[in-house]
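The primary structure of each chain is shown beneath.
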Amino acid sequence: MSWLIENAGQIWQLTLVHASLSAVPIVVGFVLAIPVGWLTNRYRASRGTVLAIVGLLYAIPSLPLFIVLPGVLGTRILDPLNIVVALSLYALAIMVRTASDAFASVDIDVKLSATAVGFSTWRRFWSVELPLAGPVLLSGIRVVSVSTISLLSVGSVIGVTSLGYLFLDGFQRNFPLEVIVGIVGTIVIAVIFDLILALLGRLLLPWTRRNRRQRATTRVDPELEVVGAA
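Residues numbered from 1 in each chain as written. Predicted model: local features only at pLDDT ≥ 70, side-chain atom pairs only at ≥ 80, totals over all residues. Heavy atoms only, no water.

Caption draft 1: A look at the side chain of S153. Tracing the chain through its elements places S153 in the loop between α7 (121-152) and α8 (164-172). Judged by its relative accessible area of 9%, S153 falls in the buried class. Non-local contacts of S153, meaning those with residues more than four positions away in its chain, are made with H18, S162, G164, F167 and T186. (Helix = DSSP H or I, 4+ residues; strand = E, 2+ residues; numbered from the N terminus. Buried < 20%, exposed > 50% of the residue type's maximum accessible area, 1.4 Å probe, protein only. Contact = heavy atoms within 4.5 Å.)

Caption draft 2: Structural context of the confidence of the model for the protein. Per-chain confidence: the protein averages 86 in pLDDT, with 90% of residues scoring 70 or above. A low-confidence stretch, residues 222-230 stays under pLDDT 50, and its non-local contacts, those more than four residues away or across chains, total zero contacts. (pLDDT = per-residue confidence, 0-100.)

Caption draft 3: Just helix α5 (residues 80-104), in detail. Over its 25 residues, α5 runs 36 Å from end to end, which matches the ideal 36 Å to within 8%, given 1.5 Å per residue. By the criterion of burial, α5 is predominantly enclosed, with 18 of the 25 residues buried. Capping the start of α5 is the job of one residue whose side-chain oxygen sits 2.9 Å from the backbone nitrogen of L81: D79. (Expected span 1.5 Å × (residues − 1). Polar contact = N/O pair within 3.5 Å; in protein donor to acceptor, adjacent residues only side chain to side chain.)

Caption draft 4: Expanded view of the packing of helix α2 (residues 8-42) against helix α9 (residues 176-204). The geometry of α2 relative to α9 is characterised by a closest axis approach of 10 Å and an angle of 45° between their N-to-C directions. If you check the angle between α2 and α9, you find them oblique. Regarding α2 and α9, the two cross each other, and that crossing is right-handed. Residues I11, T15, H18, A19, S22, A23 and I26 of α2 form the contact with α9, whose participating residues are V181, T186, I189 and F193. Grouping the amino acids of the contact of α2 with α9 by side-chain chemistry returns seven nonpolar, four polar and no charged. (Axes fitted to C-alpha atoms, helices over the stretch in contact; angles between N-to-C directions. Parallel < 35°, antiparallel > 145°, perpendicular 65-115°, else oblique. Left-handed = near helix turned anticlockwise from the far one by under 90°. Nonpolar A, V, L, I, M, F, W, Y, C, P; charged D, E, K, R; others polar.)

Caption draft 5: Geometry of the packing of aromatic side chains. Considering all chains together, one arrives at seven aromatic pairs under this definition. Centre to centre, the rings of W3 and F175 are 5.3 Å apart; their planes meet at 80°, and the pair counts as edge-to-face. Remark: F175 occurs in the loop between α8 and α9 and W3 occurs in helix α1 (residues 2-6); sequence separation between them is 172 residues. Given a relative accessible area of 12%, W3 falls into the buried group. On the basis of an interplanar angle of 75° and a centroid distance of 5.7 Å, the ring pair of W122 and W126 is categorised as edge-to-face. Separated by four residues within a single helix, W122 and W126 lie in helix α7, roughly one turn from each other. Taking relative accessible area as the criterion, W126 reaches 46% and is therefore assigned partly exposed. Among the aromatic residues, ring-to-ring pairing joins W38, F103, W122, F125 and W126 into one connected group. A cation over a ring is seen here: R123 above F119, with NZ or CZ 3.9 Å from the ring centre. (Phe/Tyr/Trp six-rings, centres within 6.5 Å; stacked < 30°, edge-to-face > 60°. Lys NZ or Arg CZ within 6 Å of the ring centre and 35° of its normal.)

Caption draft 6: The arrangement of the environment of W38 in detail. If you trace the backbone, W38 turns up in helix α2. W38 gets classed as buried once you look at its relative accessible area, which sits at 14%. Separated by 130 residues in sequence, W38 and L168 have C-alpha atoms that sit 41 Å apart. In contact with W38, not counting residues within four places along its chain, are F103, T121, F125 and E129.

Printed below as a string of structure tokens:
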């Protein structure tokens, strides 16, 4: 416990760095995946090829990718940009498939109705397709969030600062408490990010709550009718 108190400042600093480095790839992967997912759904012939490519991206082991990227980007081996780019690629790989499925889940009759009343492709995307695809996109970015926060720890192997430092240092010193603190800190960040995303979903997608309430009412009503008849 004395170690925890003495090193509280360092732990807090590592936590902030871990959280900030995680946030960028999550946002970048989400933003880039939306147009790619929409296009693969709109032009179905390209769907298989694009999804295969992003699947190969996610199959690349993280540690070799962290080491190769400095030569590709022209950065230093310890530059956090390498980790951010690598994790953005992984986030994109996950989110493209999710985004494609999200836009495919939008009812074709709804899209045809929007076109029939005069919506342009651009307006239909923003007013109809994106909002209706929102719940699936939200579930996808929550998966990306957990994955990104977890993978970021691997960057400590090549010297990029994060909570992963506590894993390595604790292992090398045979000091389990330090390892446990790193694990708990990573989990706490993942939980906080997930709660934030869930809250944003409730604020930006209020109609999903109404739909759940309607489904719940539909399930209860038949029971009420049976009780009333009895």
